[in-house]
Amino acid sequence: MKENFGHLPTGEAAYLYTISCGGLTASITNLGAALVRLWVPDKDGHLDDVVLGFDKAADYCQGGAFLGATVGRNANRIRGARFTMFGQEVILPANEGANSLHSGPDSFNIRLWEMEKHTDASVTLRLDSPHGDQGFPGNAVIRVTYTLADDASLHIVYDAQADRDTVFNFTNHSYFNLAGHQNTGAAMDQILTMPGRFFNPDDAQNIPTGELRSVEGTPMDFRMPKALGRDIGEDYEPLHLQAGYDHNWEVYCDPCAILQDPASGRSMSVSTDCPGIQLYTGNFLDDQGKDGVYYGKRSGVALETQFYPDSVNHPEWPQPFVKAGEKYHSETVYKFF
């Protein structure tokens, strides 16, 4: 199903595409290739929308939290908004102090993507990103495909190719609340399991220090299930600096994370071929969202699969560099049970 989703400040029209399969229903907009709604049954079969979002396209242009958006060419942060790739210095526009966040101010979440394919259970959107776009080299063709499967899973697939060496590091920036997006006070009561053995501590500018720190004996240890809010207020410097969880963990196994809501009985696993997963507890959320719901601090949790933040400046870490003409492909699966 295709429906109008309002207009951008430029007057351009945005659309909403709805797909269904496996007991799930999702709505995706061509603005930012964003996941707007995701209806999931609870233990009694009652459907709730479990992602934060807005009612119309114009609100996505105003909000700064990247709700549900496809983020690229580089997700997360780059120190000094610059790096060297295959001997070439690349300089990006800074938009978080001296650093680059989600590839700068002209980010993919405020772009209109082209609809390429829409079936009952899948939608594919395309973005043509010219050479120099956001400061990155290469004319790039980028596609993201959302597919709902019979096993109650949402598959997000990224495919890209450029005519010069470049960076491809995409993520989906959905904020989940398995109690339903309207039950904002329940988000931090949900139970997270994340097997990652180490995380990336950040400095005061949200940039990784370079350390791969063990979670052992710290509030960052989710190897055994625990409520998101249990340790978030602990006296621990990484939590103080980021006002809560906003850090990258290694992807250690499959699934790399499981989120559970005891009240509704909903659970969600995360599987990916990416090397890292960013846990963000919405520490600075402040938006008027869908259905008249106000999203305040910690109203949802993002589990963003990606390369490590600032990996382009850490050659010892997995790299998002893609040679000219090479095809980039990545997939993340959110499965509900």
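To be clear, the structure that these remarks concern was listed above.
Residues numbered from 1 in each chain as written. Predicted model: local features only at pLDDT ≥ 70, side-chain atom pairs only at ≥ 80, totals over all residues. Heavy atoms only, no water.

Trainee: In this structure, what is going on with the side chain of Thr29? I would like to understand it.
Mentor: In this fold, Thr29 is placed in strand E3 (residues 24-29). Within polar-contact distance, the side chain of Thr29 engages the backbone oxygen of Tyr15 at 2.9 Å. From its side chain, Thr29 meets the backbone nitrogen of Leu31 in a polar contact 3.1 Å long. (Helix = DSSP H or I, 4+ residues; strand = E, 2+ residues; numbered from the N terminus. Polar contact = N/O pair within 3.5 Å; in protein donor to acceptor, adjacent residues only side chain to side chain.)

Trainee: What's the story with the sheet that holds strand E21 (residues 226-227) in this structure? I'm lost.
Mentor: Paired through backbone hydrogen bonds, the strands of a sheet run either parallel or antiparallel to each other. Spatially, E11-E12-E13-E14-E30-E24-E23-E18-E21 is the arrangement adopted by the 9 strands of the open sheet, whose pairing is antiparallel. The open sheet has two edge strands, strand E11 (114-118) and E21, and neither has a second partner. Here strand E24 (residues 267-272) pairs with strand E30 (residues 327-336) via 5 bridges, running antiparallel. Across the sheet, the residue bridging to Ser269 is Lys335, located in E30. (Pairing = 2+ DSSP bridges.)

Trainee: Help me out: how do you make sense of the pattern of salt bridges in this one?
Mentor: Pairing of side chains with opposite charge becomes possible as their charged atoms draw close. Using the criterion set out here, one finds 23 salt bridges in the structure. Overlapping salt bridges, with partners in common, bring together Arg37, Asp49, Asp55, Lys290 and Asp291 in one network. (Salt bridge = Lys/Arg side-chain N within 4 Å of Asp/Glu carboxyl O.)

Trainee: What's the story with the sheet that holds strand E4 (residues 34-41) in this structure? I'm lost.
Mentor: Across the sheet, 5 strands lie side by side as E1-E2-E3-E4-E5; this open sheet has antiparallel pairing. Because the sheet does not close on itself, it has two edges, and the strands there are strand E1 (2-7) and strand E5 (47-49). When the angles between neighbouring strand axes are averaged without regard to direction, this sheet yields 20°. Direction of pairing for E1 relative to strand E2 (residues 13-21): antiparallel, over a ladder of 4 bridges. Looking across to E2, one finds that Glu3 is bridged to Leu16. (Axes fitted to C-alpha atoms, helices over the stretch in contact; angles between N-to-C directions.)

The quantities given are spatial measurements derived from coordinates; they are silent on function.
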